[in-house]
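This is what each chain is made of:
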Amino acid sequence: MFNPIPIDTSNITLNSDLTALIEMLAENTHNVWAQARIREGWTYGAERDDSSKQTPCLISYRDLPENEKEYDRRTAAETLKVIKKIGYKIEK
């Protein structure tokens, strides 16, 4: 049985000036995902249907439901936390 053990970032905080970076990374994450799905033959559909390769998420990031955006934001924020945790600095 798979037992995931991610890097513990519970003690890492991201300051508010990273909000714009998180949003940009979240949008890019969605675009990378969407591009891969399109290459695999997926198309837009009102409901997800794996057998016909349709998904309602093949839309622009700005048009995604908030829960989908939040998933991408959490991914981006956790990535930034890991970067900080392992000793890198995030500078503009």
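Residues numbered from 1 in each chain as written. Predicted model: local features only at pLDDT ≥ 70, side-chain atom pairs only at ≥ 80, totals over all residues. Heavy atoms only, no water.

A.B. asks: So what exactly am I meant to see when it comes to the overall build of the protein here?
C.D. replies: Counting secondary structure elements, the protein contains 2 helices and 2 strands. Counting helices and strands in the order they occur from the N terminus, the protein gives α-β-β-α. Scaling as 2.2 N^0.38, a compact globule of 92 residues should have a C-alpha radius of gyration of about 12 Å, whereas the protein reaches 16 Å, well beyond that. With the C-alpha coordinates aligned to their principal axes, the bounding extent of the protein is approximately 45 × 35 × 20 Å. The buried share of the protein, taken over its 92 residues, is 23%. Contacts in the protein between residues at least 24 apart in sequence constitute 50% of all its contacts with a sequence separation of at least 6. In the structure as shown, the protein presents an accessible area of about 7100 Å², 54% of it carried by carbon and sulfur atoms. (Helix = DSSP H or I, 4+ residues; strand = E, 2+ residues; numbered from the N terminus. Rg over C-alpha atoms; globule rule 2.2 N^0.38 Å. Buried < 20%, exposed > 50% of the residue type's maximum accessible area, 1.4 Å probe, protein only. Contact = heavy atoms within 4.5 Å. Areas by Shrake-Rupley, 256 points an atom, 1.4 Å probe, with all protein chains shown as cover.)

A.B. asks: How do you make sense of a nonpolar patch on the surface when you look at a structure like this?
C.D. replies: A surface patch of nonpolar side chains, about 340 Å² in accessible area, is lined by Ile7, Ile86 and Tyr88. Topologically, isoleucine 7 is positioned in the segment before helix 1 (19-39). (Patch = residues over 30% accessible without salt bridge, like charges linked within 9 Å, V, L, I, M, F, W, Y side chains within 5 Å. Salt bridge = Lys/Arg side-chain N within 4 Å of Asp/Glu carboxyl O.)

A.B. asks: Quick question: what am I supposed to make of unusual backbone geometry here?
C.D. replies: Glycine aside, residues mostly have negative phi angles, and peptide bonds mostly take the trans form. The backbone of lysine 53 sits at a positive phi, close to 50 degrees, despite the residue not being glycine. Tracing the chain through its elements places lysine 53 in the loop between strand 1 (43-44) and strand 2 (54-55).

A.B. asks: I tried to follow the pattern of salt bridges on my own but got confused; where do I start?
C.D. replies: Close approach of charged atoms allows side chains of opposite charge to pair. Under the defined criterion, the tally for this structure stands at 5 salt bridges. The residue arginine 73 makes a salt bridge to glutamate 23 at a minimum N-O spacing of 2.6 Å. With arginine 73 in helix 2 (residues 66-85) and glutamate 23 in helix 1, this pair connects stretches of sequence that are 50 residues apart. With relative accessibility at 16%, the residue arginine 73 sits in the buried group. For glutamate 23, a relative accessible area of 28% gives the class partly exposed. Linking glutamate 66 and arginine 73 is a salt bridge whose minimum nitrogen-to-oxygen distance equals 2.4 Å.

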